[in-house]
Every structure is written in structure tokens, then in C-alpha cells.
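Working through the structure, step by step
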Amino acid sequence: MKLEQIYTGCLAHAAYYLECNGEVAIFDPLREVQPYIDRAQKDNAKIKYVFETHFHADFVSGHLDLAKKEKAVIVYGPTAKPGFDALVADDNQVFEVGQCKVKAIHTPGHTMESTTYLIIDENGKEHGIITGDTLFIGDVGRPDLAQHVVADLTQDKLARLLYHSLREKIMPLSDDLIVYPNHGAGSACGKMMSKETTDTLGNQKKTNYALNPNLTEDEFVLALLTGLTTPPAYFPKNVLMNIQGYESLETVMHRGQKPYDAKSFEIVANETKALILDTRKAADFADGFILNSINIGLESNFAMWVGELIPDLQQEILLVAENHEKVEEAIIRLSRVGYDHAIGYLEGGFQAWVNAGKEVDTVNRITADDLAILEEIHLTPVFDVRKKSEFASEHLVQAVNIPLNEISQRLSEFPKDKHFVLHCAGGYRSMIAASILKQRGYDNFVDVIGGFNEIKLTNLPITDYVCPTTLL
């Protein structure tokens, strides 16, 4: 038996590859499915099943494309009602993958159909559990997402279901089982997940607050719901795509890879009202960019920030990237969170725009040392666009916190009659904020190179550090 975790850091997502005696099962695949097919071919094996732990909110699964390409069976847990052909398992139903077995254990709580899959090897030994968003390392799945799709599924109701699923279905299992969750640290599907992506169930029973056997149901619900932040707006839209279906990735890729020279790019942008999305690094964007374009760099959590900041999944997008390889990467990563309407890219990248004599803009930047000098001369408003938890943990004393995902709702808080300063942790998010402010007509600000990481090295006053876990 081979059981491999396939982890994608920019989404904090784990898919799983199970191979046994020439048969393969894939669990919770991403949108681009060819790597799973290639992996099976390497083992001279055939993909038999595509198991889904639940209808995902934070990404669009590749279940449909993978099942179609491989003639595999899609499996969901009890109560699931997909809008396409799939096998809806019974609780405790067992599936054979070669001489190995996969047992579906219904564990509602994160969602109603949430299911944990118990993996049993060819010798009959229980090896591990693929838990989806039911159980993470150090946390459990948030119970407040389903109500954005079905109003009756309140967070309180699901939290109580999760309490019983954990205690009646998961905690009675053997301590030596390996826990294989769907996400790690950085995912918005939980509030304090570990950076570790696997652990033994026994250790989780000792260290995971949600598995504390002394918690009453009410205490569990309170602990689970305390500290939950508002989920990203694209989550319920991704759920619906996973339930109802979507276009093939090949169609999406073909549409997005249409090249335009600078003149045609400008015409298409004006005629379609497409969003110009510049995927270059923050420093490159600052040095020059197309007017009204938004910068979300590929080098970090690109897809998550697209989902947070572009409200319409149907929004047509024109791409600016370093090269054609980066264009392909951008389209794939957009599709992972349901943005399927890239309609082309600027051939030759930003330099082609410059060469054509088109109008450009820049973002003024200063160093942290420059900021320290500036603050000595006169107080300048400083806006910190990090998350609330980061800000609460430690921040520049006079800074105002406007988290990046709230910027569109709080634009009026940025002054138009005086200069101000932007920063985040390292410069990635503040450049996104800068591009949004530029698009909205602001030109009276500077961005701090290196962000708070560099500010801490100056003599500027910083609040006392508070551990984020203490805050929770």
C-alpha cells in the first residue's frame, strides 16, 4: 500500500493518493488533475475512485475532470446531493482499492455530508484516517460555512453535531492511527491549525483542544465558535460549484491563454470592462504598472487573495505576468478558487506595454528607516493592513489597522487631504492595498519596503508582544 499526501502550500491544501495492487483512490483533488493521473501511470495503476470528504468551500475540487478522464467513480458521504453522477455512501460502507479497504465514517459537523475515511491496509491493519475538515492537526473544521448556503444549518447546530461526531466516531478509534487532514496552517477553514500536516490520533487526543474528553457539549461549542473570523466571500460560491459542476479546466485554460499585443490588450480591457490583474512581484509592480490594474503577486497566497478581493466569480480578467509560464500558473491558480473567466494576457508582459508608449504609473516606497525619520519630523498617519490577530499581537504604536480584506469597505478611512503610510508584514499585502488605492484615485501615500518585519528593526515605538494563542 502507498498512501501519499500531496500538499499545496499556497492553499494550505492536502490531497491524498492511495495505491494498492494496481488500483488507486484520490482524495480531495485540486482542479488540475493531470499530476494525479501521471502519478498513477508511474505506478502502472488505474484510478478507481475519487473520494470527497465534503463539498469544499475554499477551493474547487477536480473530482469531475478526474472522474471523466479516468472513468472513475466519485464518492461522497451520507446526505450529499451532488448535481452529477456520484456514489453517495452509507455510513460504515467499505470500498475496496486493490486488497486495501476504505471505510466511510459519517462525521457531520463541518458540513452535513462531512465524512472521514478509514484506511485499512492489505494486511487488514487500520492505518490512518483521512479526515477532510472534520479534524485538523491542532484544530477542527469551522461549523459556520454551511449556513451561507443553507440558512437552517446554523453554526450552533453544526458545532453540536461535530461534538458528537468527534466523540462517538473519531475518539474511539485507535491511538496509533495517523490523522491526514485536508488543510494545514494558513487555511481559513479553521482558526489555529498546526504547521504540521499529519499526526497520530493519540497525540491529537492529548493536545487538540477540541478532543478534550472533559469538555461538555456547551463548553465545546463555546470554544469552537470563539475567535471565528468572517469567512472569505468566495467560500459559498465555491461550494455551489462543487455541488453543481463547472467547466473543464481545458476550456478555462484555452480561454485564458489568448495573447494580446499592447494595443489590442487596451482595446479589449476598455470594451469588456475586464479587470487587469498584474501577477508580478510587489517591487516590480511598484516600479511601473498599467493604470487601474490590481497587483496580486503569484509568489504568495495568490488564489486566497483573489478570492478575498474580487467579489464576482464571473469577473472577466486580463492577465499581466512575467512570461507565458506564469500566465499558465495564474490561470490554474485562479481556477482553483472558481475564477474561470480569464480572457487573455498581455503578450510580452509589462515591458511590451512600456515599449508601445502606453501610460504607466508607479507606487512610491520608503524604507523603514525613512519612516523613522519621517515620524521624527511630523506625525504621519500609518495604516497597517495585516490581519486583526497580527495587529493585536504586535504593532506600531500609532498605526491604524485596516485589514486588507476589509479595504474596499473602509476606503473612507484613508485620508485624501494628507499623506499617509501603508505597510503589512513584508510588503506583499501592502502592495495589493496600494494598487487598490491607486485604482480608487488615491496618490497621497507611500508603501514601506519590507513592512513590519523591517519596522521592528528601527527605534519606532512598538506595542508589547502578545502571543496569538493567548488572544484566542
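Residues numbered from 1 in each chain as written. Predicted model: local features only at pLDDT ≥ 70, side-chain atom pairs only at ≥ 80, totals over all residues. Heavy atoms only, no water.

**Things to note about the packing of helix H7 (residues 249-256) against helix H11 (residues 324-336)**
Axis separation between H7 and H11 bottoms out at 10 Å; the angle between their running directions is 135 degrees. Classified by the angle between their axes, H7 and H11 sit oblique to one another. Here the hand of the crossing between H7 and H11 comes out right-handed. Contact residues: H7 offers Leu249, Val252, Met253 and Gly256, while H11 offers Val327, Glu328, Ile331, Ile332 and Ser335. Residues of the contact of H7 with H11, tallied by class, amount to 6 nonpolar, 2 polar and 1 charged. (Axes fitted to C-alpha atoms, helices over the stretch in contact; angles between N-to-C directions. Helix = DSSP H or I, 4+ residues; strand = E, 2+ residues; numbered from the N terminus. Parallel < 35°, antiparallel > 145°, perpendicular 65-115°, else oblique. Left-handed = near helix turned anticlockwise from the far one by under 90°. Contact = heavy atoms within 4.5 Å. Nonpolar A, V, L, I, M, F, W, Y, C, P; charged D, E, K, R; others polar.)

**Some points on the UniProt feature "domain: Rhodanese" (unreviewed entry) in the chain**
The UniProt feature table records "domain: Rhodanese" (unreviewed entry) at residues 270-362 and 382-464. Across residues 270-362 one finds 40% helix and 20% strand; the C-alpha atoms that close the span lie 21 Å apart. (UniProt positions renumbered as here; feature names shortened; annotations may be inferred.)

**A few points about the packing of aromatic side chains**
By the definition in use, this model includes 19 aromatic pairs. Summarising the aromatic geometry, the rings of Phe265 and Trp353 are spaced 6.1 Å apart at their centres and angled 80 degrees between planes, so their arrangement reads as edge-to-face. Separated by 88 residues along the polypeptide, Phe265 in helix H8 (residues 262-272) and Trp353 in helix H12 (residues 349-355) bring together distant segments of the chain. Across the pair, Trp353 and Phe265 agree in class, each one buried. Chaining the aromatic ring pairs together yields one cluster made of Phe27, Tyr49, Phe51, Phe95 and Tyr117. One cation-aromatic arrangement involves Arg280 over Phe350; the distance from NZ or CZ to the ring centre is 4.5 Å. Seen from the ring of Phe452, Arg386 lies directly overhead, with NZ or CZ sitting 4.2 Å from the centre. (Phe/Tyr/Trp six-rings, centres within 6.5 Å; stacked < 30°, edge-to-face > 60°. Buried < 20%, exposed > 50% of the residue type's maximum accessible area, 1.4 Å probe, protein only. Lys NZ or Arg CZ within 6 Å of the ring centre and 35° of its normal.)

**Regarding the packing of helix H10 (residues 302-309) against helix H15 (residues 428-439)**
Put simply, H10 and H15 touch, their axes get as near as 13 Å, and they point 35 degrees apart. The interaxial crossing formed by H10 with H15 has right-handed handedness. Across from Phe302, Trp305 and Leu309 in H10, the residues of H15 making contact are Tyr428, Arg429, Ile432 and Ile436. Residue classes in the contact of H10 with H15 are distributed as 6 nonpolar, no polar and 1 charged.

**A look at the pairing of strand S14 (residues 275-278)**
Alternating positions in S14 separate into two faces, Leu275 and Leu277 on one and Ile276 and Asp278 on the other, with burial throughout. As paired elements, S14 and strand S17 (residues 317-320) share 4 bridges and run parallel to each other. When the bridges of S17 are listed, Leu275 appears paired with Ile317. By the bridge criterion, 2 bridges tie S14 to strand S16 (residues 294-295) in an arrangement that is parallel. (Pairing = 2+ DSSP bridges.)

**Some points on the state of the cysteines**
In a disulfide, the sulfur atoms of two cysteines are covalently bonded to one another. In this structure the tally under the stated criterion is 1 disulfide. Two residues share a disulfide in this structure: Cys20 and Cys100, whose sulfurs sit 2.4 Å from each other. Negative torsions about the S-S bond denote left-handed disulfides, and the value of about 70 degrees found for Cys20 with Cys100 makes this one right-handed. Within this pair, whereas Cys20 is found in strand S2 (residues 13-20), its partner Cys100 is found in strand S8 (residues 100-106), the two being separated by 80 residues in sequence. Taking the relative accessible area as the measure of exposure, Cys20 reaches 1% and is therefore buried. Note on Cys189: no disulfide assigned, nearest cysteine sulfur contributed by Cys10 at a separation of 14 Å. Judged by its relative accessible area of 1%, Cys189 is buried. Considering cysteine sulfurs only, Cys10 is the nearest to Cys424, which forms no disulfide, with 18 Å between them. (Disulfide = S-S within 2.5 Å.)

**Regarding the environment of Gly288**
Here Gly288 shows up in the loop between helix H9 (282-287) and strand S15 (289-290). Using a relative accessible area of 2% as the deciding quantity, one classes Gly288 as buried. Every residue in contact with Gly288, bar those within four places of it in the chain, is listed here: Arg280, Phe350, Asp361 and Thr362.

**Notes on the pattern of salt bridges**
For the coordinates displayed, the defined rule picks out 28 salt bridges. Where Asp340 meets Arg31, a salt bridge forms, and the shortest distance between an N and an O atom there is 2.9 Å. Highlighted residues: Asp340 in the loop between H11 and strand S18 (342-346) and Arg31 in the loop between strand S3 (23-27) and helix H1 (34-42), separated in sequence by 309 residues. Each member of the pair, Asp340 as well as Arg31, is classed as buried. Where Glu247 meets Arg255, a salt bridge forms, and the shortest distance between an N and an O atom there is 2.7 Å. Take Glu247: its relative accessible area is 34%, and that puts it in the partly exposed class. (Salt bridge = Lys/Arg side-chain N within 4 Å of Asp/Glu carboxyl O.)

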